[in-house]
Amino acid sequence: GNSVTQMEGPVTLSEEAFLTINCTYTATGYPSLFWYVQYPGEGLQLLLKATKADDKGSNKGFEATYRKETTSFHLEKGSVQVSDSAVYFCALTLASGGSYIPTFGRGTSLIVHP
Amino acid sequence: DAEITQSPRHKITETGRQVTLACHQTWNHNNMFWYRQDLGHGLRLIHYSYGVQDTNKGEVSDGYSVSRSNTEDLPLTLESAASSQTSVYFCASSERRHNEQFFGPGTRLTVL
């Protein structure tokens, strides 16, 4: 079946540091890829997405590139802020017999210190 | 503005009781999903629906049921609550099956 693997957290950074959260996937086919963010006490919200190979999703200074050759979708940000502290989820959606089954990674907690 | 709401936000119940969690969306999305979120497991899909009268089992459907009688609502029922069902439950919807999902704020359920 499909799966998404994220680096385990927590990731602890100082403000203005560079962020990378690794995400790799296993899927038979061509999935759509997503990063969601969850702030404390809230539901998930879409951060960015990419629907085909070599697409780059970007939003709020975050970027991720769909790499088919390495089956990866790593999240990056050049300079994190305290307000970026949250849990980040990598996810994919792929057709399977007429259904599109969403699959989520386990989430990576990011803590940014002033 | 369109939104997706869940109620109650917090619920404490006893083992063996039937519990129903409500999910209501005003996006007019055909696709709706229920997940549970537990530490160490991330999000796991319980049930999903692609439209009125359509329901499908997800990865962890045992002990749960859903019904879809209209576009806006997908209630989740725990037929006989167990302590293993203590979790945070999220409802989500999407415009197209392969698109991004919009999530509700969650319901924290405790089964004693």
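Residues numbered from 1 in each chain as written. Chains lettered and ligands numbered in written order. Predicted model: local features only at pLDDT ≥ 70, side-chain atom pairs only at ≥ 80, totals over all residues. Heavy atoms only, no water.

**Student:** Sorry if this is basic, but what is going on with the nonpolar core here?
**Tutor:** As a rule of thumb, soluble globular proteins bury nonpolar side chains together. The biggest cluster of nonpolar side chains holds 26 residues, and the ones touching the most others in it are A:Leu19, A:Trp35, A:Leu48, A:Phe73, A:Leu75 and A:Tyr88. Listed by contribution, the elements that provide at least two residues to this core are strand E2 (11–14), strand E3 (19–21), strand E4 (23–26), strand E5 (32–38), strand E6 (44–50), strand E8 (62–65), strand E10 (86–96) and strand E12 (108–113) of chain A. It is E10(A) that provides the largest number of residues to this core, a total of 5 residues. With 18 residues, the next largest nonpolar core counts B:Ile4, B:Val19, B:Tyr64 and B:Tyr89 among its residues. (Core = buried A, V, L, I, M, F, W, Y, C linked by side-chain atoms within 4.5 Å. Buried < 20%, exposed > 50% of the residue type's maximum accessible area, 1.4 Å probe, protein only. Helix = DSSP H or I, 4+ residues; strand = E, 2+ residues; numbered from the N terminus.)

**Student:** Can you walk me through the packing of aromatic side chains in this structure?
**Tutor:** Aromatic ring pairs are defined here through the distance separating the ring centres and the angle between the ring planes. All chains considered together, the criterion is met by 13 aromatic pairs over all chains. Geometrically, the ring pair formed by A:Phe34 and A:Tyr36 is tilted, given 6.0 Å between the ring centres and 35° between the ring planes. When sorted by exposure, A:Phe34 lands in the same class as A:Tyr36, which is buried. Relative to B:Phe103, the ring of A:Phe104 lies with its centre 6.1 Å away and its plane at 85°, an arrangement referred to as edge-to-face. Of this pair, A:Phe104 sits in strand E11 (residues 99–104) while B:Phe103 sits in strand E10 (residues 102–103), placing the two residues on different chains. For the pair A:Phe104 and B:Phe103, one class covers both residues: buried. Three or more aromatic residues joined by ring pairs make a cluster, and in this case those are A:Phe34, A:Tyr36, A:Phe104, B:Phe33, B:Tyr35, B:Tyr48, B:Tyr50 and B:Phe103. (Phe/Tyr/Trp six-rings, centres within 6.5 Å; stacked < 30°, edge-to-face > 60°.)

**Student:** Which parts of the structure should I look at to understand the pairing of E12(A)?
**Tutor:** The two faces of the sheet receive side chains in turn, since in a regular strand these alternate between them. All names here are of chain A. Side chains Thr108, Leu110 and Val112 of E12 all project onto a buried face; the interleaved residues Ser109, Ile111 and His113 project onto a face where none is buried. In terms of strand pairing, E2 meets E12 through 4 bridges, oriented parallel. Opposite valine 11, over in E12, you have leucine 110 as the bridge partner. (Pairing = 2+ DSSP bridges.)

**Student:** In this structure, what is going on with the sheet that holds E3(A)? I would like to understand it.
**Tutor:** For sheets, the rule is that strands pair by backbone hydrogen bonds, running either parallel or antiparallel. All names here are of chain A. Here we have 4 strands laid out as an open sheet, ordered E3-E9-E8-E7, and antiparallel in their pairing. Because the sheet does not close on itself, it has two edges, and the strands there are E3 and strand E7 (56–59). Within the sheet, the average angular offset between the axes of one strand and its neighbour, ignoring direction, is 15°. Bridging between E8 and strand E9 (residues 75–77) involves 3 bridges; their strand directions are antiparallel. Looking at E9, one finds that glutamate 63 is bridged to glutamate 76. (Axes fitted to C-alpha atoms, helices over the stretch in contact; angles between N-to-C directions.)

**Student:** How should I be thinking about the interface of chain A and chain B in this particular structure?
**Tutor:** When the parts of a complex come together, some accessible area is lost, and that lost area is often used as the size of the interface. Contacts between chain A and chain B engage 20 residues on the former and 20 residues on the latter. Of the roughly 1600 Å² buried between chain A and chain B on both sides combined, carbon and sulfur atoms contribute 55%. Among the residues chain A hides against chain B, the three largest losses belong to A:Leu44, A:Tyr100 and A:Phe104. Together they make up 30% of the total. Linking chain A with chain B are 1 salt bridge, by the criterion used here. Across the pair B:Glu100 and A:Lys49 runs a salt bridge whose closest N-O atoms are separated by 2.8 Å. (Contact = heavy atoms within 4.5 Å. Buried area = accessible area lost by both parts, 1.4 Å probe. Salt bridge = Lys/Arg side-chain N within 4 Å of Asp/Glu carboxyl O.)

**Student:** Can you help me understand the state of the cysteines in this one?
**Tutor:** Inspection of every chain in the model, using the stated rule, returns 2 disulfides over all chains. Across the disulfide, A:Cys23 is cross-linked to A:Cys90 (sulfur-sulfur distance 2.0 Å). When the S-S torsion is -70°, as for the bridge of A:Cys23 with A:Cys90, the disulfide is left-handed. One end of the pair, A:Cys23, is in strand E4; the other, A:Cys90, is in strand E10, with 67 residues separating them in the sequence. Summarising the burial analysis for this pair, A:Cys23 and A:Cys90 share the class buried. B:Cys23 shares a disulfide with B:Cys91; S-S distance 1.8 Å. Every disulfide takes its handedness from the sign of the S-S torsion; for B:Cys23 and B:Cys91 that torsion is -70°, giving left-handed. One end of the pair, B:Cys23, is in strand E3 (residues 19–25); the other, B:Cys91, is in strand E9 (residues 87–94), with 68 residues separating them in the sequence. Note on B:Cys23: relative accessible area 2%, which makes it buried. Exposure remark for B:Cys91: the relative accessible area of 0% places this residue in the buried category. (Disulfide = S-S within 2.5 Å.)

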